[in-house]
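Read off the chains here:
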Amino acid sequence: MSQDVYVAIEHVQGQVADISYVMLRAARELATRAGGGVVAILMGHQASGLAEAMAADRVIYFDHPALKEFTPEAYQRVLAGLIHDDSPRALLLGNTTIGSDVASVLSARLGIPLVSSCRTVSPDGKLVVQTCGGKIMAEVELAATTTLVTVIPGGYSPEEGKGAKAPEVVTRQAPALEGLRVRLSKYIEPEAGDVDISKESVLVAVGRGIQQEGNLELAEELAKALGGTVCASRPVVDQGWLPVSRLVGKSGKRVNPKLYLALGISGAPEHVEALTDSETIIAVNTDPAAPIFSVAKYGSTVDLFELVPVLTERIRGAKTS
Amino acid sequence: MNIVVVVKLVPDLVEELTVDASGTALDTSWLRRIINEFDDHAVEQGILLKERSGGQVTVLAPDVEGADDILFTAAAKGADRLLKLSGDFGSGVNNHALARALSTTIKDLKADLVLTGVQAHDDSDGPIGPLLAEFLGMAYLGYVAGLSVQEAKVTARKEYPGGLVAEMEVDLPAVLGIQASEKPPRYVAVSKVRQAMQTAKLESQAAPAWDMSGGLPVARMFQPEAASRATLIEGDAEAVSSRLVEILKEAGVL
Amino acid sequence: MSITTQPELTASAAFLDSLSSFADGERIRRCQQCGACSGACPYGYLMDFPPSRMITMLRADEFETLRACDTVWMCIACYACSRVCPIQIPLTSALMARAKEEALLAGNVPTELSQALENCQRYGNVLGQSPRKRADWAKDLSPAVRVLGKEAPSTDILWYVGDYGSYHPRLQAVSRALARIFQALGLDFAILGPDEVTDGDSQRLAGERGLFEMLAAKNGQALKRTKFNLIVTPDPHAYNALKHEYPALGISYPVSHHTEFLAARLDQLRPLLREPVKARVAYHDPCYLGRVNHVYDEPRALLSAIPGVELIEMPHTRETSLCCGGGGGGMWLDGFQWEKAHTRTSEWRVQEAVTAGAEVLAVACPYEPIRFEDAAKVVDGAGSLAVKDIAELLAESMGNPGGA
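Residues numbered from 1 in each chain as written. Chains lettered and ligands numbered in written order. Predicted model: local features only at pLDDT ≥ 70, side-chain atom pairs only at ≥ 80, totals over all residues. Heavy atoms only, no water.

Chemist: Summarise the overall build of chain B; cite the residues concerned and give the values.
Modeler: A tally of helices and strands in chain B yields six helices and 13 strands. Across the 254 residues that make up chain B, the buried fraction comes to 53%. Expressed as a percentage of contacts within chain B between residues at least 6 apart in sequence, the contacts between residues at least 24 apart total 73%. Surface exposure of chain B reaches about 10,500 Å², of which carbon and sulfur atoms provide 49%. Distance between charge centres in chain B, computed from 23 positive and 36 negative side chains, equals 6 Å. (Helix = DSSP H or I, 4+ residues; strand = E, 2+ residues; numbered from the N terminus. Buried < 20%, exposed > 50% of the residue type's maximum accessible area, 1.4 Å probe, protein only. Contact = heavy atoms within 4.5 Å. Areas by Shrake-Rupley, 256 points an atom, 1.4 Å probe, with all protein chains shown as cover. Lys, Arg positive; Asp, Glu negative; His and termini not counted. Charge placed at Lys NZ, Arg CZ, Asp CG, Glu CD.)

Now the structure itself:
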């Protein structure tokens, strides 16, 4: 068994998914302790260039037309063969629509252990995993043999998995990839209609405190500066200032953004129950007793009309610096 | 078409979850178990397929507290056969063990299509769907939200982030990990469930001894630190904005 | 079911037949098609089949059409129709409840409502909160509110708190106010705590008869385990269930609404009302206290006893009171009803209060503070209108703010 930690890179339509970089960072923790290196496993077709920004010691690249886009069985075959040949310390996959389709199959096929939903690696080298919607955490030690790990976002930022120097790419022969039982017919792009807020990573939410339709622009500017989308609680949608597709709440959508910035929202249970999956909630409300402050991580009682323009400027400044 | 739906029960997050005295497992004394939400979608998807193109739906669940009610509810929705896998669930059974035990039962059922939720929040050793597929020698596709059945294959819509969908073909027999049923799981009136309790039959099958290999033991289980009230940032608009920018950078948003 | 030589009943005929199992249900056959019900219905203009047209359709054997139509979910069970029917057909409790039941059984039910009903099934409360936390609102109160149980198996007054009073922050304030009043009166009172489940009355009227019976049975068991003389509740829906629906299920106890109970003790209460509450107060008659159960004077007597209160009436008053929109499932159909109506009865009522010059809208039902406060956010000129339960106003006058 080698002491290298392998990372199964995820990419869709020529874009490397952020989770790949998160995994490279997590792999670094494990590899350092194991005394091995971080090896990115890239499967694709004419795609070696995707490895450019990866913070890996080297890249093992498999090129095959059947690997142009992800299909579970193609990835399973390549990785099964790879693990069989190389016996790495560990193989990291994303806890995603790509990685999750592959990891458990590899575990059952190769008879090797799998630990899912790993968020970080602890100071003493244990896998820190999340369970029960984040309410409970657990620490698991790597097995003595090759261990499969699926990784969730949130523990490390993608930036930490990127490197200035493009790693060395070694091409290996892909196994036979005929007779796949799962085949990609086509991708269907999301409708060019309104945004699906339940899939957005940054949300700026407005409530009754926004007072008038004309003031929505403030929120839109802030959202634009953050690269996010405006959503709302009931009173705003009822007034017709935003479409129902932007409603967050019991009668609207559940959201799970990285950031939920609630402006002028009191925090009624019907609204709050739909945001509990948000990673960070920041609330702005002049009423310090507003229930929103019970679910928010950070808050301010400064009037949103004063705060938002200043905040938007600061954010724009931070992005250009 | 022979459809089998595998259902798991998971801890209800509405209740307080605490770690037991051993420090490595959940305290089960106050634990309420409910159907895994994604498995609820899998049941609905199975029933929808049956309503559209005929067939038989068998629902399989581990024989733990709460399973009976879930199975009778499935019958009230239109499931044809209800099967419980009985065994000692006391000290926790991981997905590898459950999948091994279930695959024997499912082989006997001669399923064309096995549906199960794409994940469950108490999964520690990966979701159960792909494990079932491998033990059954079937193909697997997860994150499915919508599918149609043709002769010997299924056309499935696989969800990717950002609203992107991949249309994929899967040869039957196969296991699909359901992300969302085509229609939200239907409501079943209490009177209908009560009726099902009178008319539907619960069958039971004993699980072979659990083989937990594939999962790893928990060294330590703990609750993350809870912040009960927001940290209020002091100062005027300028001061608050500065601090917020720092926070946003720490959060990886900026 | 019977073996007869008659032709099999059509679905419509079977439906009409099923109404006979309700008190006075057979009166539906005497409907004169006067249309008063549909005219009185606040959302009648939005329903494809308001009550009188529903009866027309049934007589025309069009049950399937009715069952597939979703506008039955605009009904808020406010009893406006039942009140004006010259034949006194039990339109709300029989026709509309059964129509909703059929729609529900056919899967024709908005997700908002079915979610709420599932919460009741699973957690015994419509908000989906942990049943173990039902009495948490009372935990840190001083003096403490007694929870009946092994240590305290009996009490004089059993206070049935209800879902919202137990779990919803806005209504917990009303619960705290009522606790202070009971304590100030030196009453021997206690609550059921986690053994209490939702009364089920609105669920019954939303078509879930089976769920109602299941919930009633649970409450019945909890009540049987304790000893008390009288149930007092601030919830007109629970009041209605306990008084009129539970007895048929073998659960029969004396029950009072908190306004009835306190009005009967006004002599003891009056000296405690020391602080003036200087405001023009309009009292809103809750549907299930007023129109359905004819309790009009006691709430007014309480309000008039508060020094500083100028009690005014709104144009819709007593038996013509305008529903807040929460009944018959309405509390859990807000999104659906908004999509159809783009207005709310609660907004009309708040507008009325504002036009009448009210500074405070006094209420006596747990649905109302939430619905009227939300409405006040969007009605012009209602920015400073306060919505308070009578208990909160009494507690204020006692010199206690009644809890934050």
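Chemist: Outline the interface of chain A and chain C, supporting the account with residue identities and numerical values.
Modeler: Size of an interface: often given as the accessible area lost when the parts come together. In this assembly, eleven residues from chain A lie in contact with eleven residues from chain C. Of the roughly 980 Å² buried between chain A and chain C on both sides combined, carbon and sulfur atoms contribute 54%. Between chain A and chain C we count one salt bridge in total. One salt bridge in this structure joins A:Arg234 and C:Asp334, with 3.9 Å as the shortest N-O distance. Inspection of the region where chain A meets chain C yields zero residue pairs in polar contact (both at pLDDT 80 or more). Among the elements of the structure, helix H5 (234-238) and helix H6 (269-272) of chain A are those that each provide at least two residues to the side of chain A that touches chain C. In terms of residues, the side of chain A that touches chain C owes the most to one element, H5(A), which gives three residues. Here the residues of the side of chain A that touches chain C are counted per class, giving three nonpolar, three polar and five charged. (Buried area = accessible area lost by both parts, 1.4 Å probe. Salt bridge = Lys/Arg side-chain N within 4 Å of Asp/Glu carboxyl O. Polar contact = N/O pair within 3.5 Å; in protein donor to acceptor, adjacent residues only side chain to side chain. Nonpolar A, V, L, I, M, F, W, Y, C, P; charged D, E, K, R; others polar.)

Chemist: Would you mind going over the nonpolar core in detail, with residue names and values included?
Modeler: Grouped together as the largest cluster of nonpolar side chains are 150 residues, with contacts concentrated most on C:Leu95, C:Ile181, C:Leu262 and C:Leu361. The residues contacting C:Leu361, other than those within four sequence positions of it, are C:Ala282, C:His284, C:Met314, C:Val350, C:Ala353, C:Phe372, C:Leu385, C:Ala386, C:Val387 and C:Lys388. Core analysis: the next-biggest nonpolar cluster, separate from the first, contains 101 residues, A:Ile98, B:Val43, B:Ala76 and B:Ala99 among them. (Core = buried A, V, L, I, M, F, W, Y, C linked by side-chain atoms within 4.5 Å.)

Chemist: Describe the packing of aromatic side chains, with residues and values.
Modeler: This model, assessed by the stated rule, comprises 15 aromatic pairs over all chains. Both rings, one in A:Tyr187 and one in B:Tyr160, keep their centres 5.8 Å apart while their planes meet at 90 degrees; by these two values the pair is edge-to-face. Pair noted here: A:Tyr187 is in strand S12 (residues 182-188) and B:Tyr160 is in the loop between strand S8 (153-159) and strand S9 (165-171), and the two residues belong to different chains. Given a relative accessible area of 17%, A:Tyr187 falls into the buried group. (Phe/Tyr/Trp six-rings, centres within 6.5 Å; stacked < 30°, edge-to-face > 60°.)

Chemist: Account for the sheet that holds strand S12 (residues 220-222) of chain B, naming residues and giving values.
Modeler: Overall, mixed pairing links the ten strands, which are arranged S11(A)-S5(A)-S4(A)-S1(A)-S6(A)-S10(A)-S7(A)-S8(A)-S9(A)-S12(B) in an open sheet. Unpaired on one side and paired on the other, strand S11 (168-172) of chain A together with S12 of chain B mark the two borders of the sheet. The mean inter-strand angle of the sheet, taken between neighbouring strand axes irrespective of direction, is 35 degrees. Its contacts with the sheet place helix H1 (residues 18-34) of chain A against strand S1 (5-8), strand S4 (38-44), strand S6 (90-94), strand S7 (114-121), strand S8 (127-131) and strand S10 (147-151) of chain A, and it is angled at close to 170 degrees to S1(A). (Pairing = 2+ DSSP bridges. Axes fitted to C-alpha atoms, helices over the stretch in contact; angles between N-to-C directions.)

Chemist: Would you mind going over the interface of chain B and chain A in detail, with residue names and values included?
Modeler: Listed per partner, the contact involves 75 residues of chain B and 75 residues of chain A. Buried surface at the junction of chain B and chain A, summed over both partners, amounts to about 6,200 Å²; 61% is from carbon and sulfur atoms. One salt bridge connects A:Arg109 with B:Glu134, and the closest N-O pair in it is separated by 2.8 Å. Our enumeration of links across chain B and chain A arrives at 30 residue pairs in polar contact (both at pLDDT 80 or more). Sorting the residues of the side of chain B that touches chain A by element identifies helix H4 (128-136), strand S7 (139-149), S8, S9, S12, strand S13 (231-232) and helix H6 (237-250) of chain B as the ones contributing at least two each. Considering only residue class, the side of chain B that touches chain A consists of 40 nonpolar, 18 polar and 17 charged. When S12(A) meets S9(B), the two strands line up antiparallel, connected through six bridges. When the sheet's bridge partners are listed, A:Tyr187 is paired in S9(B) with B:Ala166.

Chemist: Explain the packing of helix H7 (residues 111-123) of chain C against helix H11 (residues 209-224) of chain C to me, and be specific about the residues and the numbers.
Modeler: Angle between the axes and distance between the axes are the two parameters that describe a pair of packed helices. Residue and element names in this part refer to chain C. Their axes nearest at 10 Å, the elements H7 and H11 cross at an angle of 30 degrees. In terms of orientation, H7 and H11 fall into the roughly parallel class. Seen from above, H7 lies across H11 with left-handed handedness. For the pair formed by H7 and H11, the contact residues are Leu117, Cys120 and Gln121 on the first element and Leu211, Met214 and Leu215 on the second. Classifying every residue of the contact of H7 with H11 by side-chain character gives five nonpolar, one polar and no charged. (Parallel < 35°, antiparallel > 145°, perpendicular 65-115°, else oblique. Left-handed = near helix turned anticlockwise from the far one by under 90°.)

Chemist: A description of the domain arrangement of chain A should follow, citing residues and the corresponding values.
Modeler: Per the domain assignment, the segments of chain A are domain 1 (5-172) and domain 2 (197-320). Taking only C-alpha atoms, the centre of domain 1 of chain A and the centre of domain 2 of chain A are 35 Å apart. (Domains from an automatic or database assignment.)

Chemist: Tell me about the pairing of strand S3 (residues 230-233) of chain C, residues and numbers included.
Modeler: Residues in a regular strand point their side chains to alternate faces of the sheet. Residues and elements named next belong to chain C. Where burial is concerned, the two faces of S3 agree: the one with Leu230 and Val232 and the one with Ile231 and Thr233 are both buried. Bridge analysis of S3 against strand S4 (residues 255-257) gives three bridges, and the strand direction is parallel. Bridge pairing links threonine 233 to histidine 257 in S4. Handedness of the β-α-β unit built from S3, helix H12 (residues 236-245) and S4 comes out right-handed. (Right-handed = clockwise from strand over helix to strand, strands pointing away.)

Chemist: Report on the layout of surface pockets, specifying residues and quantitative values.
Modeler: Residue and element names in this part refer to chain C. Put simply, the second largest pocket is a space of about 610 Å³. Lining the second largest pocket are 23 residues; nearest its centre among them are Ala23, Asp24, Tyr79, Pro90 and Ser93. Within the lining of the second largest pocket, the residues separate by chemical class into seven nonpolar, eight polar and eight charged. (1 Å grid on protein atoms, 1.4 Å probe; cavity = no way out; pocket = protein on both sides within 12 Å on 5 of 7 lines; lining within 4 Å. Points joined across faces, edges and corners; volume = space filled by probe spheres on them.)

Chemist: Quick one: what's the story with H6(B), residue by residue and with numbers?
Modeler: Taking 1.5 Å per residue as the helical rise, H6(B) with its 14 residues ought to reach 20 Å, and the 20 Å between its terminal C-alpha atoms agrees with that figure. Buried residues of H6(B): B:Ala237, B:Val240, B:Ser241, B:Leu244, B:Val245, B:Ile247 and B:Leu248, and no others. For H6(B), the angular spread of buried residues about the axis comes to 165 degrees, placing them on one side. Close packing links the buried residues of H6(B) with helix H4 (216-226), strand S15 (259-263), strand S16 (280-284), strand S17 (298-300) and helix H8 (304-320) of chain A. A positive phi of about 80 degrees marks B:Gly252, the residue just after H6(B). (Expected span 1.5 Å × (residues − 1). Arc of directions from axis to C-beta.)

Chemist: I'd like a rundown of the pattern of salt bridges, residues and numbers included.
Modeler: Summed over the entire model, instances satisfying the criterion amount to 65 salt bridges over all chains. With a shortest N-O distance of 2.9 Å, A:Glu29 and A:Arg25 are connected by a salt bridge. Taken as a pair, A:Glu29 and A:Arg25 lie in helix H1 at a separation of four residues, close to a single helical turn. Ionic pairing is found between C:Arg209 and C:Glu213, a salt bridge with its closest N-O pair at 3.2 Å. Placement of both C:Arg209 and C:Glu213 in helix H11 is noted, with a separation of four residues, approximately one turn of the helix. Via salt bridges that share partners, A:Arg234, C:Asp334, C:Arg344, C:Glu347 and C:Arg371 belong to a single interconnected network.

Chemist: Please provide a residue-by-residue account of the state of the cysteines, values included.
Modeler: Applying the stated criterion across every chain yields a total of zero disulfides over all chains. Free cysteine C:Cys287: the closest other cysteine sulfur is in C:Cys323, separated by 3.6 Å. (Disulfide = S-S within 2.5 Å.)

Chemist: Could you give an account of unusual backbone geometry, with specific residues and numbers?
Modeler: Here the residue pair B:Leu172 and B:Pro173 is connected by a cis peptide bond, since its omega of 0 degrees sits within 30 degrees of zero. Relative to the assigned elements, B:Pro173 resides in the loop between S9 and strand S10 (174-178). The linkage connecting C:Ser142 with the following residue, C:Pro143, adopts the cis geometry, with an omega of 0 degrees. One non-glycine residue, A:Ser117, lies in positive phi territory at about 60 degrees. You can call A:Ser117 buried: its relative accessible area is 14%. The residue C:Asp24 is not glycine, and still its phi comes out positive at about 60 degrees. Among the secondary structure elements, C:Asp24 is positioned in the loop between helix H1 (11-18) and helix H2 (36-40). For C:Asp24, a relative accessible area of 37% puts it in the partly exposed group.

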